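The chain contents come next:
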Amino acid sequence: MKLHLQIIPAWVAFAALLAVVRLKHDPKLAQRLRRRDPKAMTALYDRYGRLVYALIHRIVKDAHVAEDLTQETFLRVWNRAQAFDTEKGALGPWIVTVARNRAIDYLRSTPARSASRTLELADIEHPSRFTGIDDEALAPQRAKRVQATFDRLTPHQKTVLELAYYEGLTPAEMAERLQEPLATVQAWLEGALNALRESAREAAAG
Amino acid sequence: MTCEHLRGSFELYALGLLGESDEKSAIAAHLDQGCPACNARMKDALAIQALMLSQAPEVLPPMRLKCRVLGAVGIQPMGWTWFAALCAAAMLIAALWYGVISSERRRQRDEARASLAEAITERDRLHSAFQFLQDPETKQYNFGDPNAPHGIVYLHPQFGLLLIASQLPPVPQDRMYQLWILPKHGGAAQPAGTFRSASDASAVYQLNRRLNPADISGVAVTVEPASGSQMPTLPLLFVAPIG
């Protein structure tokens, strides 16, 4: 079975880029969250609510499920904010990762996906993992550069990245889905990730 | 495994896609041991992951979702609640004020209309009486004494009868004066309408129908129930002879 790649239209990417502009690092917001300041939660939703909902909607493709998982994401962040490093932690990458993992968990819980890796994802998204990530991790210029790099990838590379980030498929599952040898899929994946890594490194260097 | 062997696997580890492989265990071990190179690669992988995920096409969440999310952590969105409550209270007060003002204006308008209708009726009545009095065919008949009900009856063959009376005794609210036409050649008195007196005990009453003065011996007035009577209730208040 061949996957039909969903190419992101330019205007949609631009809208997403504009949304990212608002995602500046805010240690004060993280501190207020740790103090369980109700207004901080309101500010957090105002800042990340649209992105979280859009990301989850992109993964689960169901509005009602996206609402449930958005609520679950913010609840999880609220309950785990105590473990977040308010000085060095990157709030945006953390909440985006939590949102993605809730959506992938949901996909894996459906009967069609047998293996459950909920505990594994929970460990990866622990707040301590996001300590020391660059404040500008979601800066618009970096998002733009990554988008440009993604656009230059081959169709196969784009496909495996989409399957990894938005469907949570392992290389073996991708090989089965695409009916291609595992080594071929791994090569596509390695090439795509190398390109992204290089692009992010150049962006960070300015 | 060395750090170099693992360097290409951090993105898949961050995405939770390494399953139960040796690579996963090795990366977890390196990270737990605080390996600087592996920790730096892990952070880079998480940053790339966040950048990729932030490229999702924008889909606007429903408005209710914010309330739902805040409610789930026990927060009421007070700002908008208070704002909405204030708006609702202001609108309610404005509606009540407008209602009271409208009601008062409606009452004043109805009163003005009633007064105007009364004035128009009175004007028409006086105009009719004036025409009646000015016409050369009108005949005048005086009746009564100065200390008792007295006045003038005017008769006109086409316009009918005009009674102007003074010194009328007061009557209860449920009673009215009733005019009677007394035929010249005998027969029963004919009812000719009811009327009330003004505050100065005077009354002006006009009967608009054709009358032949030659057939009338007089007009009389009695006090009757407000709905009027078919036969006069004695005693007669006064009689004005005609002819």
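Our structure is the block above this text.
The following paragraphs examine the structure supplied in this document. Remember, it's a predicted structure, so these values are computed and weren't measured experimentally.

Criteria and thresholds
Residues numbered from 1 in each chain as written. Chains lettered and ligands numbered in written order. Predicted model: local features only at pLDDT ≥ 70, side-chain atom pairs only at ≥ 80, totals over all residues. Heavy atoms only, no water. Helix = DSSP H or I, 4+ residues; strand = E, 2+ residues; numbered from the N terminus. Buried < 20%, exposed > 50% of the residue type's maximum accessible area, 1.4 Å probe, protein only. Contact = heavy atoms within 4.5 Å. Areas by Shrake-Rupley, 256 points an atom, 1.4 Å probe, with all protein chains shown as cover. Polar contact = N/O pair within 3.5 Å; in protein donor to acceptor, adjacent residues only side chain to side chain. Buried area = accessible area lost by both parts, 1.4 Å probe. Salt bridge = Lys/Arg side-chain N within 4 Å of Asp/Glu carboxyl O. Pairing = 2+ DSSP bridges. Axes fitted to C-alpha atoms, helices over the stretch in contact; angles between N-to-C directions.

1. Describing the overall build of chain A
- Helix and strand content of chain A: ten helices and zero strands.
- Listing the helices and strands of chain A from first to last along the sequence gives α-α-α-α-α-α-α-α-α-α.
- Sorting the 206 residues of chain A into buried and exposed places 54% on the buried side.
- Looking at chain A alone, contacts between residues at least 24 apart form 69% of all its contacts between residues at least 6 apart.
- When the accessible surface of chain A is summed, it comes to about 9300 Å², and 55% of that surface belongs to carbon and sulfur atoms.

2. Concerning the side chain of Asn101 of chain A
- Of note, Asn101 of chain A is situated in helix H5 (residues 91-109).
- Of note is the side chain of Asn101 of chain A, whose polar atom sits 3.2 Å from the side chain of Arg100 of chain A.

3. Observations regarding the interface of chain A and chain B
- Taken together, the contacts link 61 residues of chain A with 42 residues of chain B.
- When the two sides are added together, the surface that chain A and chain B hide from each other amounts to roughly 4900 Å², 67% of it contributed by carbon and sulfur.
- At the junction of chain A with chain B, the criterion picks out six salt bridges.
- Note that Lys66 of chain B is salt-bridged to Asp46 of chain A, the shortest N-O span being 2.8 Å.
- For the side of chain A that touches chain B, the secondary-structure elements that each account for two or more residues are helix H1 (10-21), helix H3 (38-60), helix H4 (63-80), H5, helix H6 (118-124), helix H7 (140-152), helix H8 (155-167) and helix H10 (182-205) of chain A.
- Of all the elements, H3 of chain A adds the most residues to the side of chain A that touches chain B, at twelve residues.

4. Structural notes on unusual backbone geometry
- In this structure, the amide linkage connecting Leu234 of chain B to the following residue, Pro235 of chain B, adopts the cis form with an omega of 0°.
- With respect to the helices, strands and loops of the structure, Pro235 of chain B is situated in the loop between strand E7 (216-225) and strand E8 (238-241).
- In this structure, Gln179 of chain A takes a positive phi of about 55° despite not being glycine.
- Following the sequence through the fold, Gln179 of chain A ends up in the loop between helix H9 (171-178) and H10.
- Note on Gln179 of chain A: relative accessible area 61%, which makes it exposed.
- Here the phi dihedral of Gln167 of chain B falls at roughly 60°; this positive angle occurs in a residue that is not glycine.

5. Observations regarding the sheet that holds strand E1 (residues 139-143) of chain B
Residues and elements named next belong to chain B.
- Strand order in the open sheet formed by four strands is E1-E2-E3-E6, and the pairing between neighbours is antiparallel. Bordering the open sheet on either side are E1 and strand E6 (203-207), each of which pairs with just one other strand. Geometrically, the sheet is characterised by an average inter-axis angle of 15° between neighbouring strands, direction not taken into account.
- Sheet topology note: the strand E3 (residues 160-166)/E6 ladder contains five bridges and is antiparallel. Across the sheet, residue Leu162 finds its bridge partner in E6, namely Gln206.

6. With respect to the pairing of strand E5 (residues 190-195) of chain B
Residues and elements named next belong to chain B.
- Where strand E4 (residues 175-183) meets E5, four bridges bridge the pair, whose relative direction is antiparallel. Within E5, the position partnered with Gln178 by the bridge is Thr194.
- As consecutive antiparallel partners, E4 and E5 are separated by six residues, and within that stretch Gly186 has a phi angle of approximately 80°, a positive value.

7. Thoughts on the environment of Ser166 of chain B
Residues and elements named next belong to chain B.
- Within the fold, Ser166 resides in strand E3.
- Along the sequence, Ser166 and Ala203 sit 37 residues apart, while their C-alpha atoms lie 6.5 Å from each other.
- Setting aside anything within four residues of it in sequence, one finds Ser166 in contact with Ala148, Pro149, His150, Ala201 and Ser202.

8. A closer look at the sheet that holds E8 of chain B
Residues and elements named next belong to chain B.
- One open sheet holds the four strands; their spatial order is E5-E4-E7-E8, and the pairing between them is antiparallel. Looking at the sheet topology across the chains shown, the edges are occupied by E5 and E8. For this sheet the average axis-to-axis angle between neighbouring strands, irrespective of direction, equals 25°.
- In this sheet, E8 lies alongside E7 in antiparallel orientation, the contact comprising four bridges. For Val219, the partnering residue across the bridge sits in E8 and is Ala240.

In short, the description is geometric, and any link to function would need to be established separately.
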